[in-house]
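# Residue-level structure breakdown
Each chain is listed here by its residues.
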Amino acid sequence: MGSLLRGVSRVRWGELRDATGAAADGVPALLSRIAHGDESAARVAVDDLGDALCALGFVVGEATAPAVPFLLELAGSLHVVCKAELLDLLGSICRADQWHSAAAATRGRKSDADYRRQAGWETAARAAVHAGRPTVEGLASSVRPEEATPARKLLRVLDGTPPFPEP
């Protein structure tokens, strides 16, 4: 995959589930299309990746947190054309709290344990987005408004959605 996305092959994507419950083995190809495809292919790949990593805009999966550093890497890359869409996806991932909400609603009941693992996916995904704050801050200081505006929006999301507390 070249110098961009170098670590993608180290993730065992086929063993992870995406936000729809399907195997996440298609994530590397989508990341590659964003990095190396033309503008149209990259935008379609971001949309498809959004479905896989943050279904419906608020449900993350097991593969979401491992993918976040690559989304940040792409957003920070000079030649990637769809930075705004990547930053919007990162904002959706950061705001996701579906599993935490479900766990809170079922606290103390038998089904509570069913949501703990998924809530962990949200915790890890949000922490991964927060870890990318330096990249987002760099984009927010860009002279290019198509980068700076969505990056500033993501910084507001980060400020408004702190990491989940430790259990």
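So, here is what we can say about the structure in this document. (Residues numbered from 1 in each chain as written. Predicted model: local features only at pLDDT ≥ 70, side-chain atom pairs only at ≥ 80, totals over all residues. Heavy atoms only, no water.)

As a further point, take the nonpolar core. With 53 residues, the main nonpolar core has W13, L31, I34, L71, L74 and I93 as its most contacted residues. Broken down by element, the residue count for this core peaks at eight residues, all from helix 3 (residues 64–76). Discounting residues that sit within four places of it in the chain, L31 has contacts with L5, V8, L49, F70, L71 and L74. (Core = buried A, V, L, I, M, F, W, Y, C linked by side-chain atoms within 4.5 Å. Buried < 20%, exposed > 50% of the residue type's maximum accessible area, 1.4 Å probe, protein only. Helix = DSSP H or I, 4+ residues; strand = E, 2+ residues; numbered from the N terminus. Contact = heavy atoms within 4.5 Å.)

Those residues of helix 1 (residues 27–36) not exposed but buried are V27, P28, L30, L31, I34 and A35. Burial along helix 1 is one-sided: seen end-on, the buried residues are contained in an arc of 165°. In the core, the buried residues of helix 1 are packed alongside helix 2 (39–53), helix 3 and helix 4 (83–95). (Arc of directions from axis to C-beta.)

Turning our attention to the packing of helix 7 (residues 133–140) against helix 8 (residues 145–160). Between two packed helices, both the angle of their axes relative to each other and the distance between the axes serve to describe the pair. Interaxial distance between helix 7 and helix 8 falls to 7 Å at its minimum, and their mutual angle equals 140°. Classified by the angle their axes make, helix 7 and helix 8 are oblique. The crossing of helix 7 and helix 8 is left-handed. Contact residues: R133, V136, E137, L139 and A140 in helix 7; E147, A148, A151, R152, L154, L155, L158 and D159 in helix 8. By residue class, the composition of the contact of helix 7 with helix 8 is eight nonpolar, no polar and five charged. (Axes fitted to C-alpha atoms, helices over the stretch in contact; angles between N-to-C directions. Parallel < 35°, antiparallel > 145°, perpendicular 65-115°, else oblique. Left-handed = near helix turned anticlockwise from the far one by under 90°. Nonpolar A, V, L, I, M, F, W, Y, C, P; charged D, E, K, R; others polar.)

As enumerated under the stated definition, the model contains nine salt bridges in all. Two residues, R133 and D159, come together in a salt bridge whose shortest N-O distance is 3.0 Å. Taken together, the positions of R133 in helix 7 and D159 in helix 8 put the pair 26 residues apart, joining distant regions of the chain. On the basis of relative accessibility, which here comes to 23%, the residue R133 falls in the partly exposed class. On the accessibility criterion, D159 (55% relative accessible area) is exposed. (Salt bridge = Lys/Arg side-chain N within 4 Å of Asp/Glu carboxyl O.)

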